[in-house]
Amino acid sequence: MIELKNLSKSFMTSDGQVDALRHVNLTIQDGDIYGIIGMSGAGKSTLVRCINMLERPTEGNVIMDGRDLGTLAKGELRDMRRQVTMIFQGFNLLMQKTCLQNVCLPLKWAKVPKKEAEERARELLRTVELPDKANAYPAQLSGGQQQRVAIARALATNPRVLLCDEATSALDPKTTHQILELIRDINRKTGITVIVITHQMSVVQEICNRVAILENGTVVEEGEVSAVFSNPRAEATRNLVYPEMAEAREHIGGNGQTVRVIFNGAEAARTPLLAQMAMDEHIAASILAASTRSVGDKAYGYMNLEIPGGPDELARAVKYLRKVKDVAVQVDVEYPAKGSDEE
């Protein structure tokens, strides 16, 4: 288990102090695929570098299996880093060495006998489905293949934790999906804990079981991916999960009597809800914006609705919608009327 307790990190720049992380508290269980997501500048990369102590926190603790990593001696910290390995957006392979030699590097540094190291490296190349690329050089491989070699290298020392820092950002969607499938398969087979740093919600929804939303160095929301998707509470989360919501604000007119309906599950998302409400309550809601997506075997999504009439009609509509299983209703989106001077 990894615990981040009151973790803060500040840097001094020519413009003064920059607080990259502020009082971060997270618990990552063994075997999790844990997503940490935020926009550029949110503090994601600083956080991952604090987890493996490449950056020393200004304040707070990183605790792994009860050991405070900040108190470890150099030798102990070196041993820890063999258990917490990392893959990057840029792959970081040595271009003058073959794939086999790249995978062998951590084993060489750990003073594993050459023959044993090569056997382990070939086994890992089979694991990442590149057994025929042992003697190839990185420049001869596609981006996805290079990332597979990087994953094999990261697994060489049998680590307990794999840190993925924007590991699929440089890849096309099809290759990204293949790499994420590989990481999920490795997690299932080995039980390795995976921490995924990304700015792409699609990555989180595909493989993570829990997620933390980072904004300006602070965790603004955390929980199971399904819960965060079904009912995002923080504005930063809503913008990441459903970016169309923010875009829709510019195109909304009417009287501003607006609600957000969030679907949490396939049956709810496929219910002809508005038609039924129109028949049962005689309320013909207008759809201002909508988006749905699948997470595992469930469908999640939202609709922004404009409710005609006055407060009584709004209250009836909200009461009706809240009776539906797997539907959450938020009455916190008050858009200005068309032609209003409000922002």
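Predicted model only: the values in this text are computed from it and were never measured.

What counts as what
Residues numbered from 1 in each chain as written. Predicted model: local features only at pLDDT ≥ 70, side-chain atom pairs only at ≥ 80, totals over all residues. Heavy atoms only, no water. Helix = DSSP H or I, 4+ residues; strand = E, 2+ residues; numbered from the N terminus. 1 Å grid on protein atoms, 1.4 Å probe; cavity = no way out; pocket = protein on both sides within 12 Å on 5 of 7 lines; lining within 4 Å. Points joined across faces, edges and corners; volume = space filled by probe spheres on them. Nonpolar A, V, L, I, M, F, W, Y, C, P; charged D, E, K, R; others polar. Core = buried A, V, L, I, M, F, W, Y, C linked by side-chain atoms within 4.5 Å. Buried < 20%, exposed > 50% of the residue type's maximum accessible area, 1.4 Å probe, protein only. Contact = heavy atoms within 4.5 Å. Pairing = 2+ DSSP bridges. Axes fitted to C-alpha atoms, helices over the stretch in contact; angles between N-to-C directions.

Enquirer: Got a sec to walk through unusual backbone geometry? Specific residues and values, please.
Expert: One non-glycine residue, E166, lies in positive phi territory at about 50°. For E166, the location among the structural elements is in the loop between β7 (161-165) and α6 (173-190). Of note, H282 is a non-glycine position whose phi angle comes to about 60°, a positive value.

Enquirer: Mind laying out empty space enclosed by the protein, listing which residues take part and the relevant values?
Expert: All chains considered together, the criterion is met by one cavity of 30 Å³ or more. Counted as a void, the largest cavity has a volume near 60 Å³. If you trace the largest cavity, you find 13 residues lining it, with C164, A167, T168, V196 and V203 closest to the centre. If you list the elements that add at least two residues to the lining of the largest cavity, you get α6, β8 (193-198) and α7 (201-207). It is β8 that provides the largest number of residues to the lining of the largest cavity, a total of three residues. Here the lining of the largest cavity is built from residues that sort into eight nonpolar, four polar and one charged.

Enquirer: Describe the nonpolar core, naming the residues involved and giving the relevant values.
Expert: With 51 residues, the main nonpolar core has I87, L125, V149, I151, I183 and V194 as its most contacted residues. With residues up to four places along the chain from it excluded, the contact list for I183 reads I87, I151, C164, V194 and I207. Within the second largest apolar cluster, 29 residues are counted, among which are A42, V161, L163 and L214.

Enquirer: I'd like a rundown of the sheet that holds strand β1 (residues 2-13), residues and numbers included.
Expert: Across the sheet, which stays open at both edges, the four strands sit in the order β2-β1-β4-β5 with antiparallel pairing between neighbours. A single partner strand is all that each edge strand has here, and the edge strands are β2 (16-28) and β5 (67-68). Relative to β2, β1 runs antiparallel, the two being bridged by nine bridges. Each residue of the ladder has a partner; that of M12, found in β2, is Q17. Helix α1 (residues 44-51) contacts β1, β2 and β4 (59-64) of the sheet and is inclined by roughly 120° relative to β1.

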